[in-house]
Amino acid sequence: MNAIHIASAAPAFAKGKTELKAEDFDLYCTALSALCWRKFNGKITLCCDGKYAEYYKKIGFAELWDDVRVCVPDDLEGIDPLMFWAGGKLLALRETDAPVVMIDTDFIVWKSLSFGDEIIAAHRENISDGIYPPLSYFKTKSHIIPDFSEEVLPLNTAFLYIPDNDFKEFYTGQAISFMKSAKSCGDFLKYMVFAEQRLVAMCADYTGVPVKTLLDKDMLFRPQGDFTHLWGAKQAMRDNPEWRADFLGKCKSRLIEEFPEYKYIADIIDGLA
């Protein structure tokens, strides 16, 4: 099964950064995510903007992917990169043929998966006003949200398999139209997760496309053997040097053990520290 990683520099530069510099734990997860997908499930392409293509080539990461495709526009087609920090994902998905898996660089699949006609997401998420408010919360200039059900639970899209182009086009069309039409505000969470994670669940429910998940949302904080998702652990590692060092050591050992021909990737990461 073909998969895509997506990288957009627009959010970082909108925050005032002048160069790209990924953290060591992110680099290890990116490498393992790409290599494990190739080992167990198929080809994977990096969809990115010119800045990320140059960055990954510069540090020696480009060979992790079967292909590097520059298809994410630097300006995100006018989408606010602060409000919609994952907007590049939807733009890249729009330009990719289904069936396809969209997988975050901090999500690792350690086994072979099977695919059918269902959408597959990482897991469901609970609805709460603090993250997923009522539809009346969102203010847009022109986009009208269809008569979607507000009862359907959002889907975490750290992993998202889309089986056909009809659904892909409906979902990305809704999400991109919403992001382009959203009235600018200081909400950098609710608007983004609505566009990416709640809309995909609503679109599936609306069109009758079946959905399954890799993980049970009520089991997320129990040890997992088949999947790794850094998620909130990123900040925890920034705050805890010992935990960070332990995680990096485990990643390095696993990379060298599973992919000895890519030992140079560990050397690159060590050299960037």
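Reading the values: the criteria
Residues numbered from 1 in each chain as written. Predicted model: local features only at pLDDT ≥ 70, side-chain atom pairs only at ≥ 80, totals over all residues. Heavy atoms only, no water. Axes fitted to C-alpha atoms, helices over the stretch in contact; angles between N-to-C directions. Helix = DSSP H or I, 4+ residues; strand = E, 2+ residues; numbered from the N terminus. Left-handed = near helix turned anticlockwise from the far one by under 90°. Contact = heavy atoms within 4.5 Å. Nonpolar A, V, L, I, M, F, W, Y, C, P; charged D, E, K, R; others polar. Phe/Tyr/Trp six-rings, centres within 6.5 Å; stacked < 30°, edge-to-face > 60°. Buried < 20%, exposed > 50% of the residue type's maximum accessible area, 1.4 Å probe, protein only. Lys NZ or Arg CZ within 6 Å of the ring centre and 35° of its normal. Salt bridge = Lys/Arg side-chain N within 4 Å of Asp/Glu carboxyl O.

A. Summary view of the packing of helix 5 (residues 165-181) against helix 6 (residues 190-207). The contact between helix 5 and helix 6 brings their axes to 9 Å, and the two run at 145°. Here helix 5 runs over helix 6; the crossing is right-handed. Taking contact as the criterion, the partners of Phe 167, Phe 170, Tyr 171, Gln 174, Ala 175, Phe 178 and Met 179 in helix 5 are, on helix 6, Tyr 191, Met 192, Phe 194, Ala 195, Glu 196, Leu 199, Val 200, Cys 203, Ala 204, Tyr 206 and Thr 207. Here the residues of the contact of helix 5 with helix 6 sort into 15 nonpolar, 2 polar and 1 charged.

B. Seen up close, the packing of aromatic side chains. One pass over the full model with this rule turns up 24 aromatic pairs. Their ring planes at 50° and their centres at 6.1 Å tell us that Trp 37 and Phe 159 sit as a pair that is tilted. Residue Trp 37 is found in helix 2 (residues 24-40), and its partner Phe 159 is found in strand 7 (residues 155-162); the two are separated by 122 residues along the sequence. Exposure remark for Trp 37: the relative accessible area of 1% places this residue in the buried category. In textbook terms, an aromatic cluster arises when at least three aromatic residues are bridged by ring pairs, as seen for Trp 37, Phe 107, Phe 115, Phe 159, Tyr 161 and Phe 227. Directly above the ring of Phe 259 sits Lys 39, whose terminal nitrogen or CZ lies 5.6 Å from the centroid. One Lys or Arg, Lys 51, reaches over the ring of Phe 13 and ends 5.3 Å from the middle of that ring.

C. Here's a closer look at the pattern of salt bridges. Inspection of the entire model under this criterion finds 18 salt bridges. The shortest N-O distance in the salt bridge between Glu 77 and Lys 180 comes to 2.8 Å. Here Glu 77, found in the loop between strand 3 (67-70) and helix 4 (87-94), pairs with Lys 180, found in helix 5; they are 103 residues apart in sequence, far enough to count as distant. Measuring nitrogen to oxygen at the nearest pair gives 2.7 Å for the salt bridge that ties Asp 104 to Lys 89. Of this pair, Asp 104 sits in the loop between strand 4 (100-103) and strand 5 (107-109) while Lys 89 sits in helix 4, and the two are 15 residues apart along the sequence. Overall, Lys 89 belongs to the buried group, its relative accessible area being 10%.

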